[in-house]
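Reading the structure
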Amino acid sequence: MLPPGAGRTIPGHGDSTKTRYIRNVREIVRQHLRFFLIATLAALALRLLFIFRFPAITTDSFIYGDIAKNWLQHGIYGLSGDGISPTYIRLPGYPAFLAALFAIFGMEHYRAVLVTQMFVDIGTCFLIADIARRMRSAGAAKLAFLLAALCPFLANYAAAALTETLEIFFTALALNFALAGLHGFDAGRWRPWIGCGLAIGAAILLRPDGGLLLFSIGLYLLGMVIVRIRARRSYFPLLRAAVVTAVVSLAPLVPWTLRNLHTMRKFQPLAPRYANEEEEYVPMGFNHWMKTWIADYTSVEEIYWPVPGAAIDVEKLPSRAFDSEKQRAETLQWVADYNQALHITPQLDAGFAELAAARIRAAPFRYYVWLPLLRITDMWLRPRTELLPSDPRWWEFNDDPWPSTLAVSMGAINLLYCVAALAGFLRRQSLPHLTLLLTFVMLRSLFLGSLENPEPRYTLECYPVVIVLAAVLFAKGAATA
């Protein structure tokens, strides 16, 4: 069976000119100018509210900013300290973005960064609308634009000096180009695949997990090739699309890899998994122990992030961190040893590693299946208030009324988006290449479930798909304009 939409003409997409992004969006905007004007103004107002009321300049922001400053002022991609030390703990995409804005607006002008990200995020809304147009109709495009424009989670991260806004933009751009290429692959169109590869390359230069885009699209193309081989149909255009996308998307990593070989004397095509310097000790035993019980973002804030440097509050450890009273006593002893030193020595790390090994042997299903599923569920469904003044233990309602109300409201909005997307999927009607979008969502979710730091922001790259499916639900059977 062919993947949905493969090898057939989709209404509104038979003409190759229909797959060009700007022309189609321009036509829809021209036809519904008042709607898009009002929706865009609402999007700007929402994002400005977050920028002026809840701007987020985090520790990670300052790391990116320090690299950008040193790159601009000294020509060294490095961190300040006793002099400037070359580094590879962050990929160059976001520092390059900051450096460009610092050069134009002034050093450490983070307000200019947030305002620029606001406009990038508005661009993401148009990209999401175009994906909905390709998959359903102009009516779905309008609804998708509105849902994206009013999405508080996209707006919240536009007000944060972090990679999310740019990463989501290039994710939507890559998926949009891939759909354009798939709609015309029998005609041998290859330009969309160059655009797709460039967008994926930009996503990878922002964060290593951007590579999941390439893997998802490549896996989908491989599936279509296998189907066409079995049906004895031409598959060369699909192979060429896969090769072009892979080569173009990986090419930007070549200068970065060569730089690391030359400057750092290390083969490092991406960034280290734990964003550590070459000589920096990574407590892998402690990390494995965390993965034997961590299931939600609350424990990330309360235990994972503070280590090393701050004491672990044993009262914050959930009951699932212990399998027996003996193990509880042993765990509390290792935690007490850590709390005395506030750093993890190799001996202490070995102790946590033994705890982790024993727990994995006792319950492999819990470690490999159940806990990853809980982490994925938490990342998808918890209130997305990590950048807002709400207690991570929002369900205890220990906050003042305003932060608690905010947490409940954000949780309800997130649930509505997810439920609408699920309903849109269940009521789908021959959505072309839906499997591609679902492949990306599934692979990214599975990857995130393997992490010991389940942060809700990591699922935001999937939100373009969520919004498109929700728009499909509400657009129902609207005809293509």
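Cut-offs applied
- Residues numbered from 1 in each chain as written.
- Predicted model: local features only at pLDDT ≥ 70, side-chain atom pairs only at ≥ 80, totals over all residues.
- Heavy atoms only, no water.
- Helix = DSSP H or I, 4+ residues; strand = E, 2+ residues; numbered from the N terminus.
- Rg over C-alpha atoms; globule rule 2.2 N^0.38 Å.
- Buried < 20%, exposed > 50% of the residue type's maximum accessible area, 1.4 Å probe, protein only.
- Areas by Shrake-Rupley, 256 points an atom, 1.4 Å probe, with all protein chains shown as cover.
- Lys, Arg positive; Asp, Glu negative; His and termini not counted.
- Charge placed at Lys NZ, Arg CZ, Asp CG, Glu CD.
- pLDDT = per-residue confidence, 0-100.
- Contact = heavy atoms within 4.5 Å.
- Salt bridge = Lys/Arg side-chain N within 4 Å of Asp/Glu carboxyl O.
- Patch = residues over 30% accessible without salt bridge, like charges linked within 9 Å, V, L, I, M, F, W, Y side chains within 5 Å.
- Expected span 1.5 Å × (residues − 1).
- Arc of directions from axis to C-beta.
- Core = buried A, V, L, I, M, F, W, Y, C linked by side-chain atoms within 4.5 Å.
- Pairing = 2+ DSSP bridges.
- Polar contact = N/O pair within 3.5 Å; in protein donor to acceptor, adjacent residues only side chain to side chain.
- Phe/Tyr/Trp six-rings, centres within 6.5 Å; stacked < 30°, edge-to-face > 60°.
- Lys NZ or Arg CZ within 6 Å of the ring centre and 35° of its normal.
- Axes fitted to C-alpha atoms, helices over the stretch in contact; angles between N-to-C directions.
- Left-handed = near helix turned anticlockwise from the far one by under 90°.
- Nonpolar A, V, L, I, M, F, W, Y, C, P; charged D, E, K, R; others polar.

**Here's the deal with the overall build of the protein**
In terms of helices and strands, the protein carries 20 helices and two strands. Taking 23 Å as the expected radius of gyration for a compact globule of 481 residues, we find that the protein reaches 24 Å, a close match to that expectation. Taken over the C-alpha atoms alone, the protein extends approximately 70 × 50 × 50 Å along its principal axes. In the protein, buried positions account for 54% of the 481 residues. With the model as given, the accessible surface of the protein reaches about 21,300 Å², and the carbon-plus-sulfur share is 64%. For the protein, the distance from the average position of its 45 positive side-chain charges to the average position of its 36 negative side-chain charges is 16 Å.

**Structural notes on the confidence of the model for the protein**
Here the protein averages 91 in pLDDT, and 93% of its residues register 70 or above. Least confident of the elements in the protein is helix H1 (residues 21-31), whose mean pLDDT is 73; most confident is helix H7 (residues 152-158), at 98. Overall, residues 1-22 carries pLDDT values under 50, and its contacts beyond four positions in sequence, including any with other chains, amount to 50 contacts. A low-confidence stretch, residues 477-481 (pLDDT under 50), is modelled with eleven contacts involving residues beyond four sequence positions or located in other chains.

**Quick look at unusual backbone geometry**
Cis peptide bonds are those with omega within 30 degrees of zero, and the linkage from Val307 to Pro308 qualifies with -5 degrees. The topology assignment puts Pro308 in the loop between helix H14 (297-304) and helix H15 (325-341). Although it is not a glycine, Ala275 adopts a positive phi angle of roughly 50 degrees. Checked against the element boundaries, Ala275 lands in the loop between helix H12 (253-264) and helix H13 (284-291). The exposure class assigned to Ala275 is partly exposed, which follows from its relative accessible area of 28%. One non-glycine residue, Phe397, lies in the positive phi region at around 55 degrees. Within the secondary structure, Phe397 is located in the loop between helix H17 (364-381) and helix H18 (401-426).

**Here we look at the pattern of salt bridges**
Tallying each qualifying case throughout the model produces 20 salt bridges. Among the salt bridges present, the one from Glu461 reaches Arg207, with a minimum N-O distance of 2.6 Å. Here Glu461 is found in the loop between helix H19 (434-449) and helix H20 (463-475), whereas its partner Arg207 is found in the loop between helix H9 (191-206) and helix H10 (211-230), with 254 residues between them in sequence. We classify Glu461 as buried; its relative accessible area is 1%. A residue is classified by how much of its surface remains accessible, and Arg207, at 8% relative accessible area, is buried.

**Things to note about a nonpolar patch on the surface**
Nonpolar side chains collect at one region of the surface, where Phe365, Tyr368, Val369, Trp370 and Leu373 lie side by side and expose about 550 Å² of accessible area between them. Looking at where Leu373 falls in the secondary structure, it is placed in helix H17. The class for Leu373 is partly exposed, based on a relative accessible area of 43%.

**Considerations on helix H2 (residues 33-53)**
Side chains that are three or four residues apart share a direction in an α-helix, a result of its 3.6 residues per turn. If you check H2, its first and last C-alpha atoms are 30 Å apart, about what 21 residues at 1.5 Å a residue would give, namely 30 Å. Residues of H2 that are buried: Phe36, Ala39, Thr40, Ala43, Leu44, Leu46, Arg47, Phe50 and Ile51. Take H2 and look down its axis: the buried residues cluster within an arc of 165 degrees, on one side only. Those residues of H2 that are exposed and angled more than 90 degrees off the buried face are Arg34, Leu37, Leu41 and Phe52.

**Details of the nonpolar core**
Core analysis: the largest hydrophobic core is formed by 103 residues, its most contacted members being Tyr94 and Tyr463. Sorting elements by how many residues they give to this core places helix H5 (residues 110-135) first, with 14 residues. Other than its neighbours up to four places away in sequence, Tyr463 contacts Cys151, Phe153, Arg384, Asn414, Tyr417 and Cys418. If you look at the next biggest cluster of nonpolar residues, it comprises 22 residues, including Phe286, Met290, Val300 and Ala356.

**Observations regarding the pairing of strand E1 (residues 78-81)**
Here E1 runs beside strand E2 (residues 83-86); their pairing, made up of four bridges, is antiparallel. Residue pairing across strands places Ser80 opposite Ile84, the latter belonging to E2. The loop that links E1 with its antiparallel partner E2 comprises one residue.

**Here we look at the environment of Arg273**
Looking at the element boundaries, Arg273 is found in the loop between H12 and H13. Each C-alpha atom, one on Arg273 and one on Lys69, is 24 Å from the other, the two residues being 204 residues apart in sequence. The contacts of Arg273, once residues within four sequence positions are left out, are Leu451, Glu452 and Asn453. Within the structure, the side chain of Arg273 is placed 3.3 Å from the side chain of Glu452, a separation counted as a polar contact.

**Brief notes about the environment of Thr263**
Relative to the elements of secondary structure, Thr263 occurs in helix H12. We classify Thr263 as partly exposed; its relative accessible area is 38%. For the pair Thr263 and Tyr88, spaced 175 residues apart in sequence, the C-alpha to C-alpha distance is 9.6 Å.

**Thoughts on the packing of aromatic side chains**
The tally for this structure, following the rule as stated, stands at 22 aromatic pairs. With 4.9 Å between their ring centres and 90 degrees between their planes, Tyr367 and Tyr368 make a pair best called edge-to-face. Ring-pair connections join several aromatic residues into one group, and the members of that group are Phe35, Phe36, Phe126 and Phe145. If you follow Arg90 out to its NZ or CZ, it ends over the ring of Tyr64, 5.5 Å from the centre.

**Here's the deal with the packing of H13 against H14**
The contact between H13 and H14 brings their axes to 12 Å, and the two run at 150 degrees. H13 and H14 meet at a crossing whose hand is right-handed. Residues Phe286, Asn287 and Met290 of H13 pack against Ser299, Ile303 and Tyr304 of H14. Residues of the contact of H13 with H14, tallied by class, amount to four nonpolar, two polar and no charged.

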